[in-house]
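# Structural description and commentary
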Amino acid sequence: MKRRRLVWYVAALVLAAAIAAAPHVQQWLTVDACLDGGGAWIKETSRCSHDPAEVARLKSSP
């Protein structure tokens, strides 16, 4: 009986960790897809840009 309870606790802990990590993983995958597609991730606006002029403008601003 104790072993079954331990299995449930571990399963609940793994599920809670997966739920807590999901937003971070989603953000990472979004940024990765942007960079893989040749874009630049603009952190301030949380979006991907493929416009070279916009990327250059943001790089040159302080």
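Residues numbered from 1 in each chain as written. Predicted model: local features only at pLDDT ≥ 70, side-chain atom pairs only at ≥ 80, totals over all residues. Heavy atoms only, no water.

### A closer look at the pattern of salt bridges
- Per the stated rule, a full pass over the model turns up one salt bridge.
- Close ionic contact of Arg47 with Glu54 constitutes a salt bridge, the shortest N to O distance being 2.1 Å.
- Accessibility expressed as a relative area gives 35% for Arg47, which makes it partly exposed.
- The class for Glu54 is buried, based on a relative accessible area of 12%. (Salt bridge = Lys/Arg side-chain N within 4 Å of Asp/Glu carboxyl O. Buried < 20%, exposed > 50% of the residue type's maximum accessible area, 1.4 Å probe, protein only.)

### So, the confidence of the model for the protein chain
- For the protein chain, the average pLDDT comes to 91, and 98% of its residues sit at 70 or higher.
- Helix 1 (residues 2-36) holds the highest mean pLDDT among the elements of the protein chain, 95, whereas helix 2 (residues 52-60) holds the lowest, 83. (pLDDT = per-residue confidence, 0-100. Helix = DSSP H or I, 4+ residues; strand = E, 2+ residues; numbered from the N terminus.)

### Regarding the side chain of Ser49
- Mapped onto the secondary structure, Ser49 falls in strand 2 (residues 47-49).
- Among the polar contacts listed, one links the side chain of Ser49 to the backbone nitrogen of Asp51, at a separation of 3.2 Å.
- A distance of 2.6 Å separates the side chain of Ser49 from the side chain of Glu54, its partner in a polar contact.
- Leaving out residues up to four positions away in the same chain, Ser49 has contacts with Cys34, Gly39, Ala40, Ile42, Glu54 and Val55. (Polar contact = N/O pair within 3.5 Å; in protein donor to acceptor, adjacent residues only side chain to side chain. Contact = heavy atoms within 4.5 Å.)

### What to know about the state of the cysteines
- Tallying each qualifying case throughout the model produces one disulfide.
- Here Cys34 engages in a disulfide with Cys48; their sulfurs sit 2.1 Å apart. Between Cys34 and Cys48, the disulfide has an S-S torsion of 80° and is therefore right-handed. In this pair, Cys34 sits in helix 1 while Cys48 sits in strand 2, placing the two residues 14 residues apart along the sequence. (Disulfide = S-S within 2.5 Å.)

### Considering helix 1
- The end-to-end C-alpha distance of helix 1, which contains 35 residues, comes to 48 Å, matching closely the 51 Å that a straight helix rising 1.5 Å per residue would cover.
- Considering bend angle alone, the principal kink of helix 1 is centred on Ala22 and spans about 40°; proline Pro23 follows within four residues of it.
- Of the residues trailing helix 1, Gly38 is marked for its positive phi of about 90°. (Expected span 1.5 Å × (residues − 1). Bend = angle between axes of the 7 residues up to and from the residue.)

### What to know about a nonpolar patch on the surface
- A surface patch of nonpolar side chains, about 270 Å² in accessible area, is lined by Leu6, Val10 and Val14.
- Inspection of the secondary structure assignment puts Leu6 in helix 1. (Patch = residues over 30% accessible without salt bridge, like charges linked within 9 Å, V, L, I, M, F, W, Y side chains within 5 Å. Areas by Shrake-Rupley, 256 points an atom, 1.4 Å probe, with all protein chains shown as cover.)

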